[in-house]
Amino acid sequence: MTKTARGRRQSLTDRKLVSRAILDSFVKLDPRTMLKNPVMFVVEVGAALTTIQLAWDMFHHGREIGFGFQITVWLWFTVLFANFAEAMAEGRGKAQAETLRKARAETQARRVWGEGQTEIVPSSKLRAGDVVIVSAGEFIPGDGDVIEGVASVDESAVTGESAPVIREAGGDRSAVTGGTRVLSDEITVRISSNPGETFLDRMIQLVEGASRQKTPNEIALNILLAGLTIIFLLAVVTLEPYAVYSGAPQNLFILVSLLVCLIPTTIGGLLSAIGIAGMDRLIRRNVIAMSGRAVEAAGDVDVLLLDKTGTITLGNRQATALHACPNVNEVDLARAVQLASLADETPEGRSIVVLVKEKYGLRGHELAQHNPNFIPFSAQTRMSGVDLDGMQIRKGAPDAIMKYVAERGNEVPAGIRQTVAEIAGSGGTPLLVAQDDRVLGAVALTDIVKGGIRDRFDRLRAMGIRTVMITGDNPLTAAAIARQAGVDDFLAEAKPEDKMALIQSEQAKGKLVAMCGDGTNDAPALAQADVGVAMNTGTQAAKEAGNMVDLDSNPTKLIEIVEIGKQLLITRGALTTFSVSNDVAKYFAIIPAMFSVAFPQLEVLNVMRLATPESAVLSAVIFNALIIVALIPLALRGVRYRPVGAATLLRRNLLIYGLGGVIAPFVGIKLIDLLLTHLRIL
Amino acid sequence: MTALGWFQILFYLFVIFLITKPVGIFLARVFEGEKTFLDSVLRPVEKLVYRLTGVDEKHEMRWTEYAIAMLLFSGVSMVLLYVLERLQRWMPFNPQKLPNVDPTLAFGTAASFTTNTNWQAYSGETTMSYLTQMAGLAYHNFVSAAVGIVLAIVVIRGIARRETEELGNFWVDMTRCLLWVLLPVCLVASLALVSQGVVQNLEPYTTAQLIVPHTEQVRGADGKITIEKVTEQVIPQGPVASQEAIKEFGTNGGGFFNANSSHPFENPTPLSNFLEMVLIFAIPSGLTYTLGRMSGSQRHGWAVWAAMAFLFFAGVTTTYWAEARGNPLLHGVDQQASAMQAGGNMEGKEVRFGVADSALFATITTDASCGAVNSMHDSDTPLGGLVPLVNIMLGEVVFGGVGAGLYGIVVFVILAVFIAGLMVGRTPEYLGKKIEAYDVKMAMLSILILTLTILGFSAVAAVEPFGTSSITNPGPHGLSQILYAYTSSAGNNGSAFAGLNANTPWYNVTTAVAQLLGRFFMIVPILAIAGNLARKKTIPESSGTFPVTGALFSTLLVSTIVIVGALTFFPALSLGPILEHLLMLAGKTF
């Protein structure tokens, strides 16, 4: 996360968020809204029924209404707490959406029409296919691809990153986003989306949760919860005839209390908050998921395809070792190679200078007086170097240098050939260094595997996810890097169509595949993958093909996305298990309370020794309401995910949320009962 | 409780463990069309059956076609039984000249035997002719059991097969089940039972002169009680052994006689008793192995078996403890087990079986949807009677009915996998199949139907005179009687708290409806699950996959069954057997 992004979120105070959520939780009482959540709808209906009964009791019977009143109040609180959880989860997104809306403000666009003519139109009039010209200082009026020119663009409105980025025609950095600003130069952009369908629009909808559709797993879970609710409704409705048979009929308050305590209100109340919070966690990591389905799929991923460069290794190869020939002083080799590289501005060349300086303490020479003549690298010679003081120093590909030396009538020392083979075999790229007609030694350029990446792959393996490295390197080099980085498999000499074939073959085996990509030629694979993360710097085609966009354009983010997906699912499962397990204690609170007046023997079921039947029922209802509030932070933050095997994870979570779910309410209800009795509320 | 009692229980469980694998392998081979040692004899018979009936052996059915075939077959069979009962007076093999069966009772009995429930609101020896017993009831004992088994096989195929609509052929599966599994085993088992003294004949009932006549109080038609001297006894006869084996092996439970397996002609010796108990669990236990074998995860099969064995053991321990403890209200009565007496609560129990074998039989028969009894559950102590009731309420998934137990527990497996599966951070999957909205919907539907049927009918019966008038004991025991009747019906068990007078139009019709709902409305959603699972891709297993093997999974499965079952029925139970138990401790019985 970048500084500005963090700052943007800190700007909204918690208090503002909370007060707005409180307001929203009342608005959400609208039965039409509640109907989307069957469990909480039943609670609302129950609360409404007890309210009516309460009013009836007050006006017609003048009965003692203290108990009924308190039950009714807490039933309404139960509904409000659940609404509050959802409103809190939505709140963060809403605040962010406001910021984004500002960026979407109406701008003027210079549309090209005819031959070189332009006209000024409002950005809202632009359609896909229109071509506009944007100059320094102007806002880009809509999403599109640069078709002409290069410009630096400030994309902080979307990404939160304040450093400008370069956008240019052709290649993989051609996509521009509406609402971002051109800082220098001028570009011609072909608009690719209609008003209301831009990236910014979609992002606003997503963070607001406006276009939120229930994900497949959420739908299935809702069915389960609705089913359990009906079962408990049956259990409670039929209990009254049994109670009548037994000569101990019950009043409405008790029956509704029992029902509300039994139906899975904890998970029912927090389910949508969990989903929204999961999306929000992605957004906070600057990843925009185009659907909740994609986040869920991320949790299920079996295979991760990772590009080598930039993800597993640092972008460029670096010199890591010098190997001198027999009879050659290593320092001489170092000095020679330093001289040959001084004018070499490639990252490899610079890394040689750095290596020599750090390892051999050789500082750069003042070369001007030696009248050097630098030989640049060319595709024909495949080497570069310097001529100075009558010396000719060359460095380059082994076969090129060998040829160079042979032409000068000298032989290559036998040992160096083996060194070259060894460097290549261990995943490096060998360079040979020659002075005049003599080979001095070899330089090993190696891919530097990113720090900590091995641990991350170990974590992924523990989760049961296989990592596959995609590289254009030859198989030998690829194997060496794969070994070093700890990936499970690699695809060497990969062409874009190979990536596609690999995804398809994994999917045919029933596996879910995730990958990231940026180029237009990645687009088909991104679309084929179950989780396709497009880099924001990439082309428009790639961004449309994938189902997520990483605004930071960091390919390693894929791992975090998977973890967030898993965390979302675990949180859902944990709270469902907790919710169902809670019922055991509630039975032991309410059933004896219902019948111990008629049958004092049932008092033995009152294992918590709750003070009175009324306090027992009320304590259970209060616990049931408060547990929703107590778990809001967990629902929003998510259960902590540990990368261990499924069996270990299951055992751990079953202990915490299953067994814990059985025990916690015994303690909680008892404490509330003690408090109620102490305060003489009942 | 005695050492011998415990030994019998543990030995029984051990024998069941031993036969699980061979039975499981044999069932898998029969239904996968692999070679078995019976092929040379049975294959020609099978081919002849197909030639005569025009069944195409190679034709595979979708789940809907399978379901329709099953429903049609069951429907037609049910009508035939009804007709037979209504016309038995004019049919052969009726030496006692028993009249035609009353319409509601005939309907109730037809539904009961078609659904593998074998709820009996009649006494066999005074109601059913030999023809009705053999061609009607025994026929249903075979085919209703076969229907259960083939449905379990279809569910297993659904789990094991991938990306297909094909689930097998109902007619072929039925034929193979009858020819390879049910008929051969029952043939051998019947002979074994005959060796113990079970009768098998078509004779009229025998009348014996009592050596010592006795007097009896008889209530006349005018309600007056008169004292009558009894000098002779009628001893019923009949083709019992042939019906006895399938009664157990097919988990049917419908006794030839009213006294069921406590009658000496049905179950004469402890050895016959043991054999009958083994026959009840043989197929249900074996099917867990079949599940493991066909789905390619033998350890999953054993994990399911272990969960069942645990619940079984917990149940039998409770019943045995409750019954061996006797009645605490009988002060000054020796209820200790000793060389001279079985001890404990012997009301409603046979002396030749004693407390341990009665508790064991009661647990087995209600774990499985058998319903055969060798003691009267109505006479059990409140907790002793609670266990059979709870066993059925849990859905009879503790080994369960033939086939029904397996497909029943698959529903719980799906729920367990769905609820807890999320906790490993993947959307739930069961043996490589994703569990999605449709599967959850169907699983919940089948559980809902069971709950609705049991609690709904019981609730009406508990407050309406036509329900409560059949109760013979007041108070919580009366509620237990009603609950047991509908639980047993909806669960297709067939055992009863026999105190309830169930032969009334209300009970005959409503129990029959409960049985039909509990059977066919359960089966169709489960078949739908099988069809849906078969269509899915299989996801290869990894270390991130939810484990459906091992002790952890067994524990999870047990918890799911207990929590879902107990939470649903706890309120009702608390006013029935639990309250009765507590009142008994307080000195009040019913």
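Residues numbered from 1 in each chain as written. Chains lettered and ligands numbered in written order. Predicted model: local features only at pLDDT ≥ 70, side-chain atom pairs only at ≥ 80, totals over all residues. Heavy atoms only, no water.

Novice: Tell me about the pairing of strand β17 (residues 438-449) of chain A, residues and numbers included.
Specialist: Within a regular strand, side chains alternate between the sheet's two faces. All names here are of chain A. In terms of burial, β17 is largely enclosed, as 10 of its 12 residues are buried. Of the pairings in the sheet, the one linking strand β16 (residues 429-435) to β17 comprises seven bridges and is antiparallel in character. By the bridge assignment, Thr429 is partnered in β17 with Leu445. The hairpin turn running from β16 into β17, its antiparallel successor, is two residues long, and Asp436 in that turn takes a positive phi close to 55°. (Buried < 20%, exposed > 50% of the residue type's maximum accessible area, 1.4 Å probe, protein only. Helix = DSSP H or I, 4+ residues; strand = E, 2+ residues; numbered from the N terminus. Pairing = 2+ DSSP bridges.)

Novice: Provide a residue-level description of the pattern of salt bridges, including the pertinent values.
Specialist: Following the criterion strictly, the structure yields 47 salt bridges over all chains and no others. With its nearest N and O atoms 2.9 Å apart, the salt bridge here joins Arg426 of chain B to Asp302 of chain A. Of this pair, Arg426 of chain B sits in the loop between α13 (404-421) and β3 (429-430) while Asp302 of chain A sits in the loop between α11 (292-300) and β11 (303-307), each in a different chain. Between Glu244 of chain B and Lys247 of chain B there is a salt bridge, and its shortest N-O distance comes to 2.8 Å. You can see Glu244 of chain B and its partner Lys247 of chain B sitting in helix α8 (residues 241-249), three residues apart, about one turn around the helix. Here Glu244 of chain B and Lys247 of chain B have matching classes, each one buried. Several salt bridges converge on common partners, so that one network encompasses Asp300 and Asp302 of chain A together with Arg426, Glu429 and Lys434 of chain B. (Salt bridge = Lys/Arg side-chain N within 4 Å of Asp/Glu carboxyl O.)

Novice: Any details on the confidence of the model for chain A? Residues and values, ideally.
Specialist: The pLDDT averaged across chain A works out to 84; a share of 94% of its residues lies at or above 70. Mean pLDDT values over the elements of chain A span from 40, in helix α1 (residues 3-10) of chain A, up to 94, in helix α9 (residues 252-262) of chain A. (pLDDT = per-residue confidence, 0-100.)

Novice: Tell me what's going on with helix α7 (residues 170-196) of chain B, and back it up with residues and numbers.
Specialist: Residues and elements named next belong to chain B. The terminal C-alpha atoms of α7 lie 37 Å apart, and with 27 residues this matches the ideal 39 Å at 1.5 Å per residue to within 8%. Remark: the principal bend of α7, roughly 35°, maps to Leu178. The distance from a side-chain oxygen at the start of α7 to the backbone nitrogen of Trp171 is 2.9 Å, and the residue carrying that oxygen is Asn169. Of the residues flanking the end of α7, it is Gly197, one or two places downstream, whose phi is positive at about 115°. (Expected span 1.5 Å × (residues − 1). Bend = angle between axes of the 7 residues up to and from the residue. Polar contact = N/O pair within 3.5 Å; in protein donor to acceptor, adjacent residues only side chain to side chain.)

Novice: Go over the sheet that holds β11 of chain A with me, naming the residues and quoting the values.
Specialist: Residue and element names in this part refer to chain A. The seven strands are arranged β10-β22-β21-β20-β11-β18-β19 in an open sheet whose pairing can be described as mixed. The strands lining the two open edges of the sheet, one partner per strand, are β10 (287-289) and β19 (489-491). Taken pair by pair, the neighbouring strands of this sheet meet at an average axis angle of 20°, ignoring direction. Examined bridge by bridge, β10 and strand β22 (residues 548-550) share three bridges and lie antiparallel to one another. Among the inter-strand pairings, Ile288 is bridged to a residue of β22, identified as Val549. Packing against the sheet, helix α18 (residues 496-508) makes contact with β11, β18 (466-470), β19 and β20 (513-517), and its axis sits at approximately 160° to β20. (Axes fitted to C-alpha atoms, helices over the stretch in contact; angles between N-to-C directions. Contact = heavy atoms within 4.5 Å.)

Novice: Give a description of the interface of chain B and chain A that names residues and reports values.
Specialist: In this assembly, 61 residues from chain B lie in contact with 62 residues from chain A. Taken as a group, Met423, Leu567 and Leu575 of chain B account for 15% of the area that chain B buries against chain A, more than any other trio of residues on that side. On inspection of chain B and its partner chain A, the count reaches two salt bridges. Taken together, chain B and chain A are joined by 11 residue pairs in polar contact (both at pLDDT 80 or more). Looking at the side of chain B that touches chain A element by element, the count peaks at 15 residues for helix α14 (residues 437-463) of chain B. A breakdown of the residues in the side of chain B that touches chain A according to their chemical character gives 40 nonpolar, 16 polar and five charged. (Buried area = accessible area lost by both parts, 1.4 Å probe. Nonpolar A, V, L, I, M, F, W, Y, C, P; charged D, E, K, R; others polar.)

Novice: So what's going on with a nonpolar patch on the surface? Residues and values would help.
Specialist: All names here are of chain A. A cluster of nonpolar residues, Leu655, Ile656, Leu659, Ile663, Val667, Leu671 and Leu674, forms a patch on the protein surface that exposes about 640 Å² of accessible area. Along the chain, Leu674 turns up in helix α23 (residues 646-678). Since its relative accessible area comes to 46%, Leu674 is described here as partly exposed. (Patch = residues over 30% accessible without salt bridge, like charges linked within 9 Å, V, L, I, M, F, W, Y side chains within 5 Å. Areas by Shrake-Rupley, 256 points an atom, 1.4 Å probe, with all protein chains shown as cover.)

Novice: Kindly report on the side chain of Lys543 of chain A, identifying the contributing residues and their values.
Specialist: Mapped onto the elements of the fold, Lys543 of chain A is located in helix α20 (residues 540-545). As a buried residue without a salt bridge, Lys543 of chain A has its nearest oppositely charged side chain in Glu155 of chain A, at a separation of 6.1 Å. (Lys, Arg positive; Asp, Glu negative; His and termini not counted.)

Novice: Residues and numbers for the packing of aromatic side chains, please.
Specialist: Enumeration over the complete set of coordinates arrives at 35 aromatic pairs over all chains. Ring geometry for Tyr289 of chain B against Trp302 of chain B: centres 5.8 Å apart, planes inclined by 75°, an arrangement best described as edge-to-face. Of this pair, Tyr289 of chain B sits in helix α9 (residues 270-295) while Trp302 of chain B is found in helix α10 (residues 298-325), placing the two residues 13 residues apart along the sequence. For Tyr289 of chain B, a relative accessible area of 8% translates into the label buried. Under the relative-accessibility criterion, Trp302 of chain B is labelled partly exposed at 27%. Summarising the aromatic geometry, the rings of Tyr484 of chain B and Phe497 of chain B are spaced 4.4 Å apart at their centres and angled 15° between planes, so their arrangement reads as stacked. Of this pair, Tyr484 of chain B sits in helix α16 (residues 475-490) while Phe497 of chain B sits in the loop between α16 and α17 (505-535); the two residues are 13 residues apart in sequence, bridging distant segments of the chain. Residue Tyr484 of chain B shares its accessibility class with Phe497 of chain B, and that shared class is buried. Among the aromatic residues, those joined into a cluster by ring pairs are Phe7, Phe11, Tyr12, Phe17, Phe274, Phe281, Tyr289, Trp302, Trp305, Phe312 and Phe399 of chain B. Over the face of the ring belonging to Tyr404 of chain A we find Arg408 of chain A, whose NZ or CZ atom lies 3.8 Å from the ring centre. Across the ring face of Trp180 of chain B, the terminal group of Arg176 of chain B is positioned such that the distance to the ring centre comes to 4.2 Å. (Phe/Tyr/Trp six-rings, centres within 6.5 Å; stacked < 30°, edge-to-face > 60°. Lys NZ or Arg CZ within 6 Å of the ring centre and 35° of its normal.)

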